[in-house]
Amino acid sequence: MSKVKDLEHAQHNIEQVQFMLANLHLLEGINDALAVPEPAGDPGAVRARAKDYAQAAASFGQASQDLAGIATNQLPAVWTGSVAEHATQAIHAMSAETTTSKETLAAAATLLDAWANELESAKRTDADGCRQLQEAGEKARQDPGGFDPDARNTALSGVGARLAAARRVESSATSTASKLNQLTSKARASRAGLGSIDPLAAVVLATEKNPGAGEDDGYILTPGQLDRATQTLGVMPGADQAAFRALLAGAKSPEEAAYLWKALAAGHSVADIQKFDEGIHPHGDDPAWLAQHLVPATSTKDINRESSDNIDLTYQGKQVNINGYGVYSQRDVNDCVAASTVIAQAKLDPLLMYQLTTGGTPDTPGSDSTDNFEQRLQKTYVDEYIAGQKVDGRKTYPKEDSGLGPDAQTYLADKDLGKATGADYEHVELESDEDRRAALARIEKSVDEGLPVPISVRNKDEGHQMMIIGRDGDKLQIYNPWGFTSWVTEDQFVNSQLGGLTPGEHPLNKPTALELPK
């Protein structure tokens, strides 16, 4: 049992004490409460580690400034053309990586300082509780066969203090560990550098972002994709490895190279990636074009919105409305499972998004128009919907349009998201608040690694599937195939308060199941 459970049990026993031989039973409850260990940890040691992190952050901050100055003002004048361009890119990448290291270490120092304060306060509260319990025990031992209400009240106050301290430590420790785990996912360059590419290339690759602000300015490669791409390259046959490296060498920009890596991480063959690069290479030096055609704009860093503030998605940087529906909406078909899975896969697989936006012919006039994109997207939704219906053993759309069951949900997650990430998904029922709280650690770990998590929600009469695609601290970012994304708190998830994600007369508040990577 946990310290909290042990203390709750002791508190219950003390509360039941009354009348004949009460002090004897009270002593048993007091001894049980005192037997629970004090909160573990040394606040001084935690503060010392926080200080080390803060000092390291300051060093990285100075290094970042120095590198930025070199890239801007101090490259040799004889370096011109692509030589200077590549050198500047590399130095800017090193500067960005050291800035990330500074920010990450500084955030870790702040978290550890706060944890030290929480632990120190909890230890004081716990010690005070122990003192009260010992005082109550001394009173009760004076007359074991009697009943001393003051002793009982003092014992209840003491066990209550110890319980409050234990709960505080448990909650703060969980929150601190969760936030520190999220910070570890920022160690991106080391992930790329573990494979068969040189360290400087790994830094450039790991720091590449899409251009712009808000919806599409995230890193091109997730931490998991950095791992998977370098591992895949390391075990490739020599000819394939040489062909892929040739594509990288010919890339017009680090962004183009990053999308080639992303394609490799998504499980595509070198031959397919070569064909893909034939289409995007003419635009390889246009980061905005690459972002608009190779990644759906599902993300936003605006975490300050409430869950009811749904953020409409854009296509090529513009709000799009087609016959009353957003361009990413599932429209009036009950294919939410397929739709949410397709968009999550497109976020991971640039070849899929490239086919959706261009049909494979990016330079044909009108190929990437909103109407053409929307038609391809809807067809892909329906194709995946039909594949899921077959797994469920049902008639297929348009003969039947009643959504998909758990078997089909897991099948599509494995087939599409698993293909793009290498993960194996399993269906997890959420029958209680405890189930939802227990699932949070797995959700956090998955999305920190760039693995989307399908989530099913219900009201009394109907269900819906959405996709958890990110998190920031204790907030989760959820894509709804009605055509928008939202941020919700983890407490809202645990306590079945997600109605703001599905606005309407009968919102779907309750999370009932997840498809989780094993």
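This one's a predicted model, so the numbers in the text were calculated from it and none came from an experiment.

J.: With reference to specific residues and values, describe the overall build of the chain.
T.: Each helix and strand in the chain was counted, giving 18 helices and 11 strands. The proportion of buried residues among the 518 residues of the chain is 50%. Residue pairs in contact within the chain that sit at least 24 positions apart in sequence constitute 68% of those at least 6 positions apart.

J.: If you had to explain the environment of glycine 61 to someone new, which residues and values would you point to?
T.: Mapped onto the elements of the fold, glycine 61 is located in helix α3 (residues 43-74). Judged by its relative accessible area of 12%, glycine 61 is buried. Between the C-alpha atoms of glycine 61 and threonine 100, which are 39 residues apart in sequence, the distance is 9.1 Å.

J.: Outline the sheet that holds strand β11 (residues 510-517), supporting the account with residue identities and numerical values.
T.: Spatially, the 7 strands line up as an open sheet ordered β1-β10-β9-β8-β7-β11-β6, and their pairing is antiparallel. In this open sheet, the two edge strands, each paired with only one partner strand, are β1 (311-312) and β6 (425-429). Note: strand β7 (residues 453-458) against strand β8 (residues 463-472), 6 bridges, orientation antiparallel. Bridged to serine 456 within β8 is glutamine 465. Its contacts with the sheet place helix α16 (residues 406-421) against β6, β7, β8 and β11, and it is angled at close to 140° to β6.

J.: For helix α9 (residues 238-250), give the residues involved together with the corresponding values.
T.: Between its terminal C-alpha atoms α9 stretches 18 Å, which fits the 18 Å expected from 13 residues at 1.5 Å a residue. What α9 keeps buried is the set Gln241, Phe244, Leu247 and Leu248. Within α9, the buried residues cover an arc of 120° as seen down the axis, which keeps them to one side. Set apart from the buried face of α9 by more than 90 degrees, the exposed residues are Gly238, Ala239 and Ala249. Of the surrounding elements, those touching the buried residues of α9 are α8 (223-235), α10 (254-265) and α11 (270-280).

J.: Now, about the packing of aromatic side chains: what can you tell me, with residues and values included?
T.: The way to describe two aromatic rings as a pair is by their centre distance and the angle between their planes. A full pass over the atoms with the stated rule returns 5 aromatic pairs. Both rings, one in phenylalanine 244 and one in tryptophan 261, keep their centres 5.5 Å apart while their planes meet at 90°; by these two values the pair is edge-to-face. In this pair, phenylalanine 244 is assigned in helix α9 and tryptophan 261 in helix α10, connecting sequence segments 17 residues apart. In this structure, phenylalanine 244 and tryptophan 261 share a single accessibility class: buried. Between tyrosine 328 and phenylalanine 373, the ring centres sit 5.7 Å apart and the planes meet at 70°, which makes this aromatic pair edge-to-face. Highlighted residues: tyrosine 328 in the loop between β5 (325-326) and α13 (336-348) and phenylalanine 373 in helix α15 (residues 370-392), separated in sequence by 45 residues. For the residue pair tyrosine 328 and phenylalanine 373, the accessibility class agrees, reading buried in each case. An aromatic cluster is present here, built from Tyr315, Tyr328 and Phe373 joined pairwise through their rings.

J.: How would you summarise the packing of α8 against α10 if you had to cite specific residues and measurements?
T.: Relative to each other, α8 and α10 sit at 80°, their axes nearing to 8 Å. With respect to their mutual orientation, α8 and α10 come out roughly perpendicular. Together, Gln225, Arg228, Ala229, Thr230, Thr232 and Leu233 of α8 and Trp261, Lys262, Leu264 and Ala265 of α10 make up the contact between the two elements. Across the contact of α8 with α10, the residue classes break down as 5 nonpolar, 3 polar and 2 charged.

J.: Explain the nonpolar core to me, using residue names and the numbers behind them.
T.: In this structure, Phe244, Trp261, Leu264 and Phe276 are the most contacted members of the largest nonpolar core, which totals 29 residues. Elements supplying a minimum of two residues to this core: α8, α9, α10, α11, α12 (287-294) and α14 (350-358). Sorting elements by how many residues they give to this core places α10 first, with 8 residues. Among residues more than four places away in sequence, those in contact with phenylalanine 244 are Leu233, Leu260, Trp261, Leu264, Val270 and Ile273.

Conventions we followed
Position labels on residues start from 1 in each chain and follow its written sequence. The predicted nature of this model means local features are confined to residues of pLDDT at least 70 and side-chain atom pairs, given and counted, to a pLDDT of 80 or more, with totals for whole chains, interfaces and linings taken over all residues. To get the side-chain values, all heavy atoms of the structure are used, and hydrogens and water are removed first. Runs of E in the DSSP output that reach at least two residues are strands. Runs of H or I that reach at least four are helices, and both are numbered from the N terminus. When a residue's accessible area, from a 1.4 Å probe over protein chains only, is under 20% of the maximum for its type it is buried; when over 50% it is exposed; and in between it is partly exposed. Should any heavy atoms of two residues lie within 4.5 Å, those residues are considered in contact. Pairing between two strands requires that DSSP report at least two bridges joining them. Axes here refer to lines fitted to C-alpha atoms; in helices the fit is confined to the stretch in contact. Angles between the N-to-C directions go from 0 to 180 degrees. The span you would expect from a helix comes to 1.5 Å times its residue count less one. Along the arc lie the directions from the helix axis toward the C-beta atoms. Pairing of aromatic rings covers Phe, Tyr and Trp, the last counted by its six-membered ring, and requires centre-to-centre distances within 6.5 Å; plane angles under 30 degrees mean stacked, over 60 mean edge-to-face, and any other angle means tilted. Angles below 35 degrees are treated as roughly parallel, those above 145 as roughly antiparallel, those between 65 and 115 as roughly perpendicular, and all remaining angles as oblique. Residue classes follow a fixed rule: Ala, Val, Leu, Ile, Met, Phe, Trp, Tyr, Cys and Pro count as nonpolar, while Asp, Glu, Lys and Arg count as charged, and any other residue, Gly among them, counts as polar. Remark: nonpolar core denotes a set of buried residues (Ala, Val, Leu, Ile, Met, Phe, Trp, Tyr, Cys) joined through side-chain atoms within 4.5 Å.

Note that every value here comes from positions in space, so none of it alone points to a role or purpose.
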